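Remarks on the overall topology
This is what each chain is made of:
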Amino acid sequence: MTEENTGSCNCGAVRFRTRGTLREVIACHCSQCRRQTGLYYAATNIADSDLQLEGAENVTWYRSSPDARRGFCRTCGSALFWKRDGDDYSSIMAGVFDEPTNLSIGYHIFCADKGDFYEITDDLPKFAQSRI
């Protein structure tokens, strides 16, 4: 059975549908993710072939590093996507999915770079840098 999920940015200018299995959510605590979201990035991913996007013209892409970019709604500013160059999948922020999502956080990355104003208190695996 193929899973189907939908979601959107805050204003609805960008909508999407995924078909297929979503990866567990990864919580990224790096300074770039914290600056973009205010806390940490919680994202799943899906094969590009299983992602249908409406309102793609409303997505602005920001080159955040030499090998990756971040997509956000140009109207409301919602963080939506993270995409590494050359990958055939896209990361999608967990918070932009319509509920029920059936998603759960699997682990934390870049914990050595987390903000000093919060603690990671769950029992999930924690990695100082990337897991890869």
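These remarks concern the structure in this document. (Residues numbered from 1 in each chain as written. Predicted model: local features only at pLDDT ≥ 70, side-chain atom pairs only at ≥ 80, totals over all residues. Heavy atoms only, no water.)

**Details of the packing of aromatic side chains**
Put simply, the test is: Note on aromatic contacts: the rings of Phe and Tyr and the six-membered ring of Trp form a pair at centre separations within 6.5 Å, being stacked when their planes are under 30 degrees apart, edge-to-face when over 60 apart, and tilted otherwise. Comment: elements are numbered from the N terminus, with helices defined as DSSP H or I runs of at least four residues and strands as E runs of at least two. Relative accessibility under 20% of the residue-type maximum defines a buried residue, over 50% an exposed one, and the middle range a partly exposed one, all with a 1.4 Å probe and only protein chains included. Consider the ring centre and the ring normal. A charge sits over the ring if Lys NZ or Arg CZ is within 6 Å of that centre and within 35 degrees of that normal.
Using the criterion set out here, one finds 5 aromatic pairs in the structure. An angle of 20° between the planes, with centres 6.0 Å apart, marks the rings of W61 and F81 as stacked. Of this pair, W61 sits in strand β6 (residues 59-65) while F81 sits in strand β8 (residues 79-84); the two residues are 20 residues apart in sequence, bridging distant segments of the chain. Taking the relative accessible area as the measure of exposure, W61 reaches 34% and is therefore partly exposed. Counting every residue linked through ring pairs, the aromatic cluster contains Y40, F117 and Y118. The ring of Y41 has R70 sitting right over it, with the charged end atom 4.9 Å from the ring centre.

**Side note on the layout of surface pockets**
Over the atoms, a rolled probe matching the size of one water molecule traces out where space is still vacant. Convention followed: Each cavity reported here is a set of points on a 1 Å grid over the protein atoms alone in which a 1.4 Å probe fits but cannot get out, each pocket an open set with protein on both sides within 12 Å along at least five of seven lines, and each lining residue one with an atom within 4 Å of a point. Grid points are joined across faces, edges and corners, and a volume is the space filled by probe spheres set on the points. Lys, Arg, Asp and Glu make up the charged group, whereas Ala, Val, Leu, Ile, Met, Phe, Trp, Tyr, Cys and Pro make up the nonpolar group; the residues left over, Gly among them, are polar.
Volume-wise, the largest pocket comes out at about 510 Å³. What lines the largest pocket is a set of 24 residues, among which W82, R84, I109, F110 and S130 lie closest to the centre. Listed by contribution, the elements that provide at least two residues to the lining of the largest pocket are β3 (25-28), α1 (31-37), β4 (41-47), β6, β7 (68-73), β8, β9 (89-93) and β10 (105-109). It is β4 that contributes the most residues to the lining of the largest pocket, 3 residues altogether. Here the lining of the largest pocket is composed, by residue class, of 13 nonpolar, 6 polar and 5 charged.

**Here we look at the pattern of salt bridges**
For clarity, the threshold we go by: Criterion for a salt bridge: a side-chain nitrogen of Lys or Arg within 4 Å of a carboxyl oxygen of Asp or Glu.
Under the defined criterion, the tally for this structure stands at 8 salt bridges. A salt bridge links E4 to R19; its shortest N-O distance comes to 3.5 Å. Taken as a pair, E4 in strand β1 (residues 4-8) and R19 in strand β2 (residues 15-19) lie far apart in primary sequence, 15 residues in all. Relative accessible area serves as the criterion here: at 43%, E4 is assigned to the partly exposed category. Residue D48 pairs with K83 through a salt bridge whose shortest N-O separation is 2.5 Å. A residue pair is termed long-range when its members are at least 10 positions apart, and D48 in the loop between β4 and β5 (51-54) and K83 in strand β8 qualify at 35 residues. For D48, a relative accessible area of 29% gives the class partly exposed. One continuous salt-bridge network, built from bridges that share partners, spans E4, R17 and R19.

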